[in-house]
There are 2 protein chains.
Amino acid sequence: MTHGFDILVHNPNNGARRGLLATAHGTVDTPAFMPVGTRGSIKGLTPEQVEQTGTQIILGNTYHLLLRPGVEVVERLGGLHALMGWNGPILTDSGGFQVFSLSQLTRIGDDGVEFASHIDGARVVLDAEIATKVQNRLGADIIMCFDECPPYPCESERLERAVERTIRWAKRCQEVHSNSRQKLFAIVQGGVDSDLRRRCAESLVTMDFPGYAIGGLSVGEGHDKMMQTVESTVDYLPKDRPRYLMGVGMPADIVAAVRAGIDMFDCVLPTRNGRNAYAFTTTGPLRLRNAAHGSDSGPLEEGCSCVACRRFSRGAIRHFFQVGEMLGPILLSLHNIAYYQRLMAEIRRRIEDASFTAWAEGQIRLWKSWTISDSNEPETQTPRHE
Amino acid sequence: MTHGFDILVHNPNNGARRGLLATAHGTVDTPAFMPVGTRGSIKGLTPEQVEQTGTQIILGNTYHLLLRPGVEVVERLGGLHALMGWNGPILTDSGGFQVFSLSQLTRIGDDGVEFASHIDGARVVLDAEIATKVQNRLGADIIMCFDECPPYPCESERLERAVERTIRWAKRCQEVHSNSRQKLFAIVQGGVDSDLRRRCAESLVTMDFPGYAIGGLSVGEGHDKMMQTVESTVDYLPKDRPRYLMGVGMPADIVAAVRAGIDMFDCVLPTRNGRNAYAFTTTGPLRLRNAAHGSDSGPLEEGCSCVACRRFSRGAIRHFFQVGEMLGPILLSLHNIAYYQRLMAEIRRRIEDASFTAWAEGQIRLWKSWTISDSNEPETQTPRHE
């Protein structure tokens, strides 16, 4: 056990590994998937329902919580775990990604950023120190360094400047981080430029963080460029620390990234697509608004033990979407998270029994074939905002 | 046991009774409260969550199900129990109330009604035979006779005609009813006119139904007139059959009606008010949008075992409402149904141990005092449409 991360099994043929990540609120089996609870809630689900999917760790968004209800209120309510009704591990991002993609930036400098809240236009300043201290106060088990997320595509000068800032800001985050129950992870930036990724990774590794994330991907570069970047970046990250691929992704992305050596994922796809009547299943995606499901008395997915599959038919779920009942989005969000957690459990089992390599190849091929024609569908890229 | 209704305890001082109502999908403890699942779903809740509130029987609306997804689809999906994912008792209303209050009536006659769907304007005919056969096919455990629901107030001629039709239609419903696993209940109409109520009740009682409902109340007449009508009507209903007060109501209404001899209730208040941030508690109602709750780390209600109270603070729930997270309405709907079921459980226990009379007096007084100034608040009358 190093830094609370214990690798139980290394897959012999590739980078995949099966591990245990210790946190102040319990241990997480890796590779792990974290559902996203942007504003203190996994949309539409109680924490008990989230637990029933097999979820061990969830994600909260510092940017949103900072704006509403604000860090003082979260503290007075007993911290982020109390706000969310979740007593297991939580990870918060630093707010960097949201600042650069959601808000109206009014000033960006080497020291930090100033932006107008996307809710009421209020002026907010965020920098390495503030993002870290806010996360210290929110009280998640894993917190993230404040980083600059460049857009995609991005001219090389801006990309390089973002990498330099991300490195300097990580150092400042590390210096100001003051909650010993929390692990502070660094984020590697650099777009799809492997030299910049290497430079960023090597600089951050000298600072000795307990975990490393790869940020700035799943922003439109596509599966192949994403995977090339992940594979080249992983080489420069320490083998004994957890690796987290932020905001990813579709099942094919996750399986391929595990194969490259990634241990942690978060993504809004299971919940967001669920709200849009898109169900993930082991035999491919289903669009529940499709009239073909209207009189189908079979479950979403044979053998799935989620409440949507145990209690309801495809036809019933379609009906709920057709009439606008909340239960439709709720049931598919539950089922989709359960699907993702079954996928992660199968990944872990197959790493353990050395059957991962061939299976991963098949899964990636299957999911690519199922989603190849889906460009106009509910997300098959990996949106980052819930 | 007569007609599957067994009265265990009669309260000595008034009409209250503690009973057991047998149905094809299980036995219901009475007095009972039925949450409303208008379109096949108790809004925002899975059937497992509804079960956790102590709910034994739920209500579905024939009018809504007839329009969407339609009775053929419900049949193909395995019937109403399968559609709703609910294997316990279900009661369906006949559609009468919705036809007269929701739809655009194009023709009303002695034989039945023709109306334009409130969804797409499609022309639909409903009469005693159709309403009964549709309910036979939906497959609920208790179904209701098709009745005419006059508005309130209502001129006496129209009220009298509605009563005559309701009586004749009940006979036709009884004659066509063909599903022996279902109990067909009759509905007494007559507004707040005690002579008409008596005439309607006496006529229906000669037809020997296994249960009797009082309809056409909680339409704006207020608590006192409602209770006078209930009390005078109950006198003409058989003692050995279950009595159901439709669409009622606030806790004060329910306790007073139990005292008058009512056994069953349905109402949208716990869910509808829950969606509007109004919580029922044993110490009075709470409005969760109130800024006073913003930093309150205490639960909605001490001692409540629902997930909202076990896992969340008032401040967290207020936050969910403020940011528009579905979890706010979900948690308050759950809590409010749990409150109603705790109220019913306490009513039953107090009838059993002969402590009901004084307690009922106190509850009615308390709830009247808590809601007296609430005319602009989330519903404190008893709306019938979810």
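Residues numbered from 1 in each chain as written. Chains lettered and ligands numbered in written order. Predicted model: local features only at pLDDT ≥ 70, side-chain atom pairs only at ≥ 80, totals over all residues.

Q: Explain unusual backbone geometry to me, and be specific about the residues and the numbers.
A: In the segment running from threonine 30 of chain A into proline 31 of chain A, the intervening peptide bond is cis, with an omega of 0 degrees. Along the chain, the position of proline 31 of chain A falls in the loop between β3 (26-30) and β4 (32-34). Following arginine 68 of chain A, the chain continues into proline 69 of chain A via a peptide bond in cis, with omega recorded as 5 degrees. The backbone of aspartate 208 of chain A shows a phi angle near 60 degrees, a positive value even though the residue is not glycine. In this structure, aspartate 208 of chain A sits in the loop between α8 (194-206) and β12 (212-214). Positive phi, close to 55 degrees, is recorded for serine 218 of chain B, a residue that is not glycine. By secondary structure assignment, the location of serine 218 of chain B is in the loop between β12 (212-214) and α9 (222-234). Here serine 218 of chain B falls in the buried class, since 24 other C-beta atoms lie within 10 Å of it. (Helix = DSSP H or I, 4+ residues; strand = E, 2+ residues; numbered from the N terminus. Buried ≥ 20, exposed ≤ 12 C-beta atoms within 10 Å, placed from the backbone.)

Q: Would you mind going over the environment of histidine 177 of chain A in detail, with residue names and values included?
A: Residues and elements named next belong to chain A. Looking at the element boundaries, histidine 177 is found in the loop between α7 (156-176) and β11 (183-188). Classification of histidine 177 as buried rests on a count of 20 C-beta atoms within 10 Å. The spacing of histidine 177 and cysteine 145 is 32 residues in sequence and 9.5 Å in space, taken between C-alpha atoms.

Q: How would you explain the domain arrangement of chain A if you had to name every residue and give the values?
A: Residue and element names in this part refer to chain A. Structurally, chain A comprises domain 1 (5-271) and domain 2 (274-371). The C-alpha centroid of domain 2 is placed 26 Å from the C-alpha centroid of domain 1. Contact residues are listed per partner, giving 31 residues for domain 1 and 31 residues for domain 2. Looking at the side of domain 1 that touches domain 2, the elements that each hand over two or more residues are β2 (17-23), β4, α1 (47-52), α10 (251-260) and α11 (269-275). Per-element tally for the side of domain 1 that touches domain 2: the top contributor is α10, with seven residues. A per-class count over the side of domain 1 that touches domain 2 returns 17 nonpolar, nine polar and five charged. (Domains from an automatic or database assignment. Contact = placed C-beta atoms within 7 Å. Nonpolar A, V, L, I, M, F, W, Y, C, P; charged D, E, K, R; others polar.)

Q: Residue-level account of the sheet that holds strand β9 (residues 123-127) of chain A, with values.
A: All names here are of chain A. Read across the open sheet, the three strands follow the order β7-β8-β9; overall the sheet is antiparallel. Edge positions in the open sheet fall to β7 (104-108) and β9, since each of these has one partner strand only. Recorded for the sheet is a direction-independent mean angle of 25 degrees between the axes of neighbouring strands. Together, β8 (112-116) and β9 form the strand contacts of helix α6 (residues 128-138), whose direction differs from that of β9 by roughly 90 degrees. (Pairing = 2+ DSSP bridges. Axes fitted to C-alpha atoms, helices over the stretch in contact; angles between N-to-C directions.)

Q: If you had to explain the interface of chain A and chain B to someone new, which residues and values would you point to?
A: In this assembly, 34 residues from chain A lie in contact with 34 residues from chain B. Sorting the residues of the side of chain A that touches chain B by element identifies α1, α3 (71-76), α4 (80-84), α12 (307-311), α13 (314-323) and α14 (327-352) of chain A as the ones contributing at least two each. Counting residues per element, the side of chain A that touches chain B draws most heavily on α13 of chain A, at six residues. Per-class residue counts for the side of chain A that touches chain B are 14 nonpolar, 13 polar and seven charged.

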